[in-house]
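Each chain is listed here by its residues.
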Amino acid sequence: MSVVYNILVAAHLLGMAAIVGGYLSVLQAPRISEVIVWGARVQLLTGLAIVGIGEGALDKDYNHIKVGVKLLVTLVVVALAEIGRAREKRSEGNVNIVHAVGVLAIVNALIAALWT
């Protein structure tokens, strides 16, 4: 089960890279790309699976407050990414949504790294 856990962690990091990298790549002409949306989706799903497998099968001890804060931020990122992408498909894009998604994804990465 630890192999599955490690694969999920790698996918989780790739999701974060997709969101943050996607955001940094569109700063000249801000828009929500499909890469950002899929990165947000991957972040949410792999994060839930990591905590579930870690607690259920591997007896890891998580800080549930930290996990809850990260989940809340991730849900906001996913919602804003989905809304922003849908609006852009209708040619109603909003630059503020793009920046909110990028900054919140960076904040979530900082929470993961700095909250001990």
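Structure: above.
Residues numbered from 1 in each chain as written. Predicted model: local features only at pLDDT ≥ 70, side-chain atom pairs only at ≥ 80, totals over all residues. Heavy atoms only, no water.

It is worth spelling out helix H4 (residues 95-114) at this point. For H4, with 20 residues, the first-to-last C-alpha span of 28 Å sits near the 28 Å given by 1.5 Å per residue. By the burial criterion, the buried members of H4 are Ile97, Val98, Val101, Gly102, Ala105, Asn108 and Ile111. Tucked inside the fold, the buried residues of H4 contact helix H1 (2-25), helix H2 (34-56) and helix H3 (64-89). A distance of 3.0 Å separates the backbone nitrogen of asparagine 96 from a side-chain oxygen at the start of H4, and that oxygen is part of asparagine 94. (Helix = DSSP H or I, 4+ residues; strand = E, 2+ residues; numbered from the N terminus. Expected span 1.5 Å × (residues − 1). Buried < 20%, exposed > 50% of the residue type's maximum accessible area, 1.4 Å probe, protein only. Contact = heavy atoms within 4.5 Å. Polar contact = N/O pair within 3.5 Å; in protein donor to acceptor, adjacent residues only side chain to side chain.)

This part covers the packing of H1 against H2. Relative orientation and spacing of two packed helices are given, respectively, by the angle between their axes and the distance between those axes. Where H1 contacts H2, the axes come no closer than 8 Å and their chain directions differ by 150°. Viewed along their axes, H1 and H2 adopt a mutual orientation that is roughly antiparallel. With respect to the hand of their crossing, H1 and H2 are arranged in left-handed fashion. Along the lines of polarity and charge, the residues of the contact of H1 with H2 split into 17 nonpolar, eight polar and no charged. (Axes fitted to C-alpha atoms, helices over the stretch in contact; angles between N-to-C directions. Parallel < 35°, antiparallel > 145°, perpendicular 65-115°, else oblique. Left-handed = near helix turned anticlockwise from the far one by under 90°. Nonpolar A, V, L, I, M, F, W, Y, C, P; charged D, E, K, R; others polar.)

The next thing to look at is a nonpolar patch on the surface. A cluster of nonpolar side chains, Leu48, Leu71 and Leu75, forms an exposed patch at the surface whose accessible area comes to about 240 Å². Following the sequence through the fold, leucine 48 ends up in helix H2. For leucine 48, a relative accessible area of 46% corresponds to the partly exposed category. (Patch = residues over 30% accessible without salt bridge, like charges linked within 9 Å, V, L, I, M, F, W, Y side chains within 5 Å. Areas by Shrake-Rupley, 256 points an atom, 1.4 Å probe, with all protein chains shown as cover. Salt bridge = Lys/Arg side-chain N within 4 Å of Asp/Glu carboxyl O.)

Quick look at the pattern of salt bridges now. In this structure the tally under the stated criterion is five salt bridges. Linking arginine 41 and glutamate 82 is a salt bridge whose minimum nitrogen-to-oxygen distance equals 2.6 Å. Residue arginine 41 is found in helix H2, and its partner glutamate 82 is found in helix H3; the two are separated by 41 residues along the sequence. For glutamate 82, a relative accessible area of 30% puts it in the partly exposed group. The shortest N-O distance in the salt bridge between arginine 90 and glutamate 92 comes to 3.4 Å. By relative accessible area, which is 43% here, glutamate 92 ends up partly exposed. Three or more residues are tied together by salt bridges with common partners; here these are Glu34, Arg85, Glu88 and Lys89.

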